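# Summary of the model geometry
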Amino acid sequence: MFLNHAIASQLGWHLPAPLLATTAAENSPIILSGVLLTLVIIYIASKVGSEVAKRLDLPPVLGELVAGVIVGVSALHLVIFPEGGFTGSDSLIMTALQALNQLTPEAVQSIFDSQSEVISVLAELGVIILLFEIGLESDLRQLKEVGIQAIVVACVGVAVPFAAGTIGLMYFFHVAAIPAIFAGAALTATSIGITSKVLAELGQLKSKEGQIIVGAAVIDDVLGIIVLAVVASLAKKGEVDITNVFYLIVSAVTFLLGAILLGGLFNKTFVALVEKLQTRGNIIIPAFIFAFIMAFIGNAIHLEAILGAFAAGLVLDESDARNELDELIKPIADLIVPIFFVTVGARADLGVLNPAIPENRAGLLIAIFLVLVAIAGKLVTGWAVFGIPNINRVAIGVGMIPRGEVGLVFAGIGSASGVLDKPLEVSIIIMVILTTFLAPPFLRVAFGQTKNNPANGISS
């Protein structure tokens, strides 16, 4: 994952070490130029995409994803990566750099590999920051307000789509176990941000349905991150080992709960440190140190760095500096997180779902299957609620449908690990897009039915 390693791997076979060092030094400014041009394209794409989505009353993250598809392998070939089978000559950015610097084809390939690796590292850093931010927004106090109802809804919303997706892919489409488990895990998430925004717009955030939806979405994220940590680690092993699964589940739960239970101690140390520091960054730098240490620990115990970052966010959410930290992290997330979303879209080759090509039809059927399971698997959660008469079960189920950014995290990590082939990866991204598109208008309709009930304002 490092620049020098990438250069050495490309040039070391042909050149002696002293010449290798000279060549690497000569190419470094051109690698930087490639990285800067790629970031310019990513930022323009993310901003244009998010603004268009916002004006269409859609989640901005969808705009970033679609913009990534446009600048990536499916259309313009501006942001592409070697792991997709591409070479430097396929990249328009590399073509421009070659013309400007009169590079040999070998040098172009070396620069392309190194530049792509830098962008990939920035994207990985983006997803760590994203999960840290999600952890900060996941208010644990909300869980106490909705109690057992949210827990039941969340567990059903994770178990049903995961089981149906995994078993369906293996039985109907003969997908191997680990890719099927990964795709099934991608169906478990619920987007807190998108659902909360729509509930707030409808004035239903404090209703019984709204409290259950948001509380369940918080628990869904916790369960989803644990599931992701488990399946991503399984992907690294290359096989499904029951003992290993048990170890990973226990490790993930212990790690997350341990971090939360020790949160009081962490918070006192954090607040005391913040009060002593008097220079710029006295809050944000210690917060990121804590987040990165937790991410490192997550990696070190063979889980995922994102689980550690998420746990760090949950812990610091309880600190006295939480409100200020929320505001400080936003501009950093605004700068780094779009790299992740745009590159996820850029890696997605929508051409594999072209029905005119016979070998692509299976991928299209998989996409349709995942969308149906994603919707049905969350709709049933409304009927998991018990003990509350006249509750709007349809609204609860619909509110759990959007996968949003967490679903994209699954797709991005699955692609980077090599577990997902192109049809399955694109099918997951299509599932994320459609569920996130469909949920807001459907939620408006569901609560519109509530308002039309003359008896008590809540339809059954």
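Residues numbered from 1 in each chain as written. Predicted model: local features only at pLDDT ≥ 70, side-chain atom pairs only at ≥ 80, totals over all residues. Heavy atoms only, no water.

The next thing to look at is the packing of aromatic side chains. One pass over the full model with this rule turns up six aromatic pairs. On the numbers, 5.7 Å between centres and 55° between planes, the contact of F132 with F288 is tilted. Highlighted residues: F132 in helix α5 (residues 105-137) and F288 in helix α12 (residues 284-300), separated in sequence by 156 residues. Take F132: its relative accessible area is 1%, and that puts it in the buried class. Taking the relative accessible area as the measure of exposure, F288 reaches 10% and is therefore buried. (Phe/Tyr/Trp six-rings, centres within 6.5 Å; stacked < 30°, edge-to-face > 60°. Helix = DSSP H or I, 4+ residues; strand = E, 2+ residues; numbered from the N terminus. Buried < 20%, exposed > 50% of the residue type's maximum accessible area, 1.4 Å probe, protein only.)

Where α5 contacts helix α14 (residues 322-347), the axes come no closer than 7 Å and their chain directions differ by 135°. Looking at the two axes, α5 sits oblique to α14. The way α5 lies across α14 gives a crossing that is left-handed. Taken together, the residues that form the contact of α5 with α14 break down as 18 nonpolar, three polar and six charged. (Axes fitted to C-alpha atoms, helices over the stretch in contact; angles between N-to-C directions. Parallel < 35°, antiparallel > 145°, perpendicular 65-115°, else oblique. Left-handed = near helix turned anticlockwise from the far one by under 90°. Nonpolar A, V, L, I, M, F, W, Y, C, P; charged D, E, K, R; others polar.)

The next thing to look at is unusual backbone geometry. For H77, which is not glycine, the phi torsion reads 60° and is therefore positive. For H77, the location among the structural elements is in the loop between α3 (60-71) and α4 (92-101). Although it is not a glycine, Q102 sits at a positive phi angle of roughly 55°. With respect to the secondary-structure elements, Q102 resides in the loop between α4 and α5. By relative accessible area, Q102 is classed as exposed at 74%.

Below, the discussion takes up the packing of α5 against helix α13 (residues 305-316). In contact at an axis separation of 7 Å, α5 and α13 are set at 30° when each is read in the N-to-C sense. Regarding the angle of α5 to α13, the classification is roughly parallel. Where α5 crosses over α13, the two elements pack in a sense that is right-handed. Between α5, through V127, I128, L131, F132, I134, G135 and L136, and α13, the contact on the second element is made entirely by A305, I306, A309, F310, A312, G313, L314 and L316. Along the lines of polarity and charge, the residues of the contact of α5 with α13 split into 13 nonpolar, two polar and no charged. (Contact = heavy atoms within 4.5 Å.)

A few words now on the pattern of salt bridges. According to the stated counting rule, one finds four salt bridges in the structure shown. Close ionic contact of E51 with K47 constitutes a salt bridge, the shortest N to O distance being 3.7 Å. Taken together, the residues span about one helical turn, with E51 and K47 both in helix α2 (residues 17-55) at a distance of four residues. By relative accessible area, which is 31% here, E51 ends up partly exposed. Note that K330 and E327 form a salt bridge whose closest N and O atoms lie 3.2 Å from each other. A residue pair is termed a helical-turn pair when its members lie 3 or 4 positions apart in one helix, as K330 and E327 do in helix α14 at three residues. Note on K330: relative accessible area 37%, which makes it partly exposed. Three or more residues are tied together by salt bridges with common partners; here these are K47, E51 and R55. (Salt bridge = Lys/Arg side-chain N within 4 Å of Asp/Glu carboxyl O.)

Attention shifts here to empty space enclosed by the protein. Applying the stated rule across the entire model yields one cavity of 30 Å³ or more. A volume near 40 Å³ is recorded for the largest cavity. For the largest cavity, the full set of lining residues is T38, L78, V79, I80, S91, I93, M94, F112 and Q115. Where the lining of the largest cavity is concerned, the elements lending two or more residues are α4 and α5. Its residues assigned to classes, the lining of the largest cavity comprises six nonpolar, three polar and no charged. (1 Å grid on protein atoms, 1.4 Å probe; cavity = no way out; pocket = protein on both sides within 12 Å on 5 of 7 lines; lining within 4 Å. Points joined across faces, edges and corners; volume = space filled by probe spheres on them.)

Along α4, the positions that sit buried rather than exposed are I93, M94 and L97. Viewed end-on, α4 has its buried residues packed into an arc of 95°, placing them on one side of the element. At the N-terminal end of α4, a side-chain oxygen is found 3.3 Å from the backbone nitrogen of I93, two or three residues along, and the residue is S91. After α4 finishes, the residue Q102 shows a positive phi value of roughly 55°. (Arc of directions from axis to C-beta. Polar contact = N/O pair within 3.5 Å; in protein donor to acceptor, adjacent residues only side chain to side chain.)

In this section: the environment of V61. Note that V61 resides in helix α3. Judged by its relative accessible area of 11%, V61 falls in the buried class. Taking the C-alpha atoms as reference points, V61 and G49, 12 residues apart in sequence, are found 8.3 Å from one another.

Let us now look at α3. Under the 1.5 Å per step criterion, the end-to-end length of α3 is 17 Å for 12 residues, consistent within 8% with the ideal 16 Å. Of all 12 residues making up α3, nine are buried, and the element is well covered by its neighbours. For α3, the set of buried residues is V61, L62, G63, E64, L65, A67, G68, V69 and V71. (Expected span 1.5 Å × (residues − 1).)

Summing up the model confidence of the protein, the mean pLDDT is 79 and the portion of residues at 70 or higher is 85%. Here helix α1 (residues 3-11) stands out as the least confident element of the protein, with mean pLDDT 37; helix α16 (residues 393-399) is the most confident, with 91. A low-confidence stretch, residues 1-23 stays under pLDDT 50, and its non-local contacts, those more than four residues away or across chains, total 25 contacts. Within the model, the stretch residues 449-460 combines pLDDT values under 50 with 19 contacts to residues more than four positions away or in other chains. (pLDDT = per-residue confidence, 0-100.)

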